[in-house]
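The chain contents come next:
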Amino acid sequence: MFMVNEVNCIPMLASIGVNGKRVTEIPKDTGIKDFIKSILLSHPDSTKEPFFVLDLGLVKFLMDKWTQNLPSIRPFYAVKCNPDPCFVAYMASLGANFDCASQAEIELVISLGVSPDRIIFANPCKPESHMRYAASVGVRITTFDSIYEVEKMKRCFPGCQLLIRIKAPDDGSAKLPLGVKFGALPHEVEPLLIAAQSVGLDVVGVSFHVGSGSTDCTAYHSAISAARDVFDTADKLGLPKMRVLNIGGGFTAGPIFDDAADAVKFGIQTYFQDRMTGLEIIAEPGRYFAEWPFTLAANVIGKRVRGELIDYYINDGVFGSLSCIPKEHVAVTIEPLIIMALESDPDNPNGSGSITHGSTVFGPTCAATDMVAKDYQLPDMEIGDWLVFPNLGAYSAACASNFNGFKGVGISTHLVYSNNHS
Ligand SMILES: *Cc1c(COP(=O)(O)O)cnc(C)c1O
């Protein structure tokens, strides 16, 4: 067991006003699971409620990696992906800007001391009251893709600067495609630019989103090409020169990020080489920053054995922090954390851990759809053991509900800072 070295907050985090939250420094070569085990063993009588661990060291690593790969593209973190205030505050301290889609998201970011010129109101269809609020606090840049929005913005968002949101031509391979809901089609661009011009609103650039969890990097290439067509349309209409290219989100951390970054750079070089002067390129990554740094721990609260098959019931599920499972049709990784066998037999800390069984893991609600994993190989566990879910920060807690009376909203988060990343 390692020693936990508690530093009372990373100074940057304290300085921007997330008070009272400790950050535990995790030594090199110690995993988050070891940290979780250490807190469970040092607080055996704790409530056994599920909790998150947020690794700020990993957030820093991801930001450095972004800057290395895409040095000239300013990231506007998409708050909807995970609005955890400590996470958002730490992102702010690292220099991130923010993509907000609602009044509450803008309020959160402003409350952390971020100036409004670091916020883009990136929702093409905005409630009027939210627009009035944005205008009142000095947010200026927003997106649109409909004639009807132009009239609303004219009335409720005076002085706003617009990015026209276009539909990315190839968003089919994404985990969560977004093109069904938003994005102007090629033949709609010209009337939209003219409509904005006619009411005196400036369209300063173009935005798109290739879909969340995109696996096809060529989607960026075709979308950047489509964006260039819009710049040319504005020129043809004699409108002021466009100067902002917003390549949206869709990035995933890991080797696939390097490929996506290469595709973006290649696309920009191919289609914008002659327009680089004065061009500002921004992005709205959500998943890229939020997915890896969060780890969830949930407690085994029930068990059923039927022959070879074992069912476990845990105290978080698809209506809570594991809400990303049904939406994205992806399997999560589960790491069992055996605590009970350890108490009964300290010499055998893995319990009967070497033998695994096909297991089903259910969440706590009475809905049959509350299934976290099926046919997952797990060691024999007891009620009171824990399951650890790494890389669970994207569209997880953000979409949680309190369905059936099980608390999914606002479960606690431990802050750690690890130095394991290179
Ligand atoms: C959701 C969203 C994002 C973030 O997408 P990721 O795939 O998580 O990177 C960015 N921009 C807009 C407009 C969004 O709606």
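What comes next concerns the included structure.

Calculation criteria
- Residues numbered from 1 in each chain as written.
- Predicted model: local features only at pLDDT ≥ 70, side-chain atom pairs only at ≥ 80, totals over all residues.
- Heavy atoms only, no water.
- Near = heavy atom within 4 Å.
- Polar contact = N/O pair within 3.5 Å; in protein donor to acceptor, adjacent residues only side chain to side chain.
- Areas by Shrake-Rupley, 256 points an atom, 1.4 Å probe, with all protein chains shown as cover.
- Nonpolar A, V, L, I, M, F, W, Y, C, P; charged D, E, K, R; others polar.
- Pairing = 2+ DSSP bridges.
- Helix = DSSP H or I, 4+ residues; strand = E, 2+ residues; numbered from the N terminus.
- Axes fitted to C-alpha atoms, helices over the stretch in contact; angles between N-to-C directions.
- Phe/Tyr/Trp six-rings, centres within 6.5 Å; stacked < 30°, edge-to-face > 60°.
- Buried < 20%, exposed > 50% of the residue type's maximum accessible area, 1.4 Å probe, protein only.
- Lys NZ or Arg CZ within 6 Å of the ring centre and 35° of its normal.
- Contact = heavy atoms within 4.5 Å.
- Core = buried A, V, L, I, M, F, W, Y, C linked by side-chain atoms within 4.5 Å.
- Domains from an automatic or database assignment.

With respect to spatial proximity, 14 residues lie near the ligand, and among them Lys80, Ser212, Glu284, Arg287 and Tyr395 are the closest. Between the ligand and Ser212, the relevant distance is 2.5 Å, taken from an oxygen atom to a side-chain nitrogen or oxygen of the residue. One of the side-chain N or O atoms of Tyr395 is found 2.5 Å from an oxygen atom in the ligand. Out of a free accessible area of 390 Å², the ligand has 93% covered by protein chains. Among the residues forming the shell around the ligand, the class breakdown is four nonpolar, five polar and five charged.

For the rest of this paragraph, the subject is the sheet that holds strand E7 (residues 141-144). Here eight strands make up a closed barrel; going around it, the order is E4-E5-E6-E7-E8-E9-E10-E11 and the pairing parallel. Here the average twist between neighbouring strands, direction ignored, is 30°. Bridge count between strand E4 (residues 73-78) and strand E11 (residues 280-283): three bridges; the pairing is parallel. By the bridge assignment for E11, Arg74 is matched with Ile282.

Attention now goes to the packing of aromatic side chains. Enumeration over the complete set of coordinates arrives at 16 aromatic pairs. Aromatic side chains Phe87 and Phe294 sit 5.4 Å apart centroid to centroid with 65° between the ring planes, which places their arrangement in the edge-to-face category. Of this pair, Phe87 sits in helix H4 (residues 85-93) while Phe294 sits in strand E12 (residues 294-306), placing them 207 residues apart in sequence. Like Phe87, the residue Phe294 is buried in the burial classification. Note on Phe319 and Phe403: the rings are 4.4 Å apart at their centroids and 45° apart in plane angle, and the pair reads as tilted. One end of the pair, Phe319, is in the loop between strand E13 (309-314) and helix H12 (324-328); the other, Phe403, is in the loop between strand E17 (386-389) and strand E18 (413-418), and 84 residues separate them in sequence. The exposure class of Phe403 is partly exposed, given its relative accessible area of 38%. Site record: aromatic cluster; members linked through ring pairs are Trp66, Tyr220, Phe251, Phe257, Tyr288 and Phe289. Above the face of the Phe272 ring, Arg228 is positioned so that its terminal group lies 5.9 Å from the ring centre.

Burial in helix H7 (residues 147-156) covers these residues: Glu149, Val150, Lys152, Met153 and Cys156. Along its buried surface, H7 packs onto helix H6 (128-137), E7, strand E8 (161-165) and helix H8 (186-198). For H7, the capping residue at the N-terminal end is Ser146, with a side-chain oxygen 3.0 Å from the backbone nitrogen of Tyr148.

In this structure, Tyr77, Phe98, Ile164, Phe208, Leu245, Ile247 and Phe389 are the most contacted members of the largest nonpolar core, which totals 114 residues. Ranked by residue count, the leading element in this core is helix H9 (residues 218-236), at nine residues. When residues of this core are assigned to domains, at least three fall in each of domain 1 (32-54 + 293-413) and domain 2 (83-285). Each residue touching Phe98, except ones within four places of it in the same chain, is listed here: Phe76, Tyr77, Val79, Val88, Met91, Ala92, Val109, Val114, Arg118, Ile119 and Ile120.

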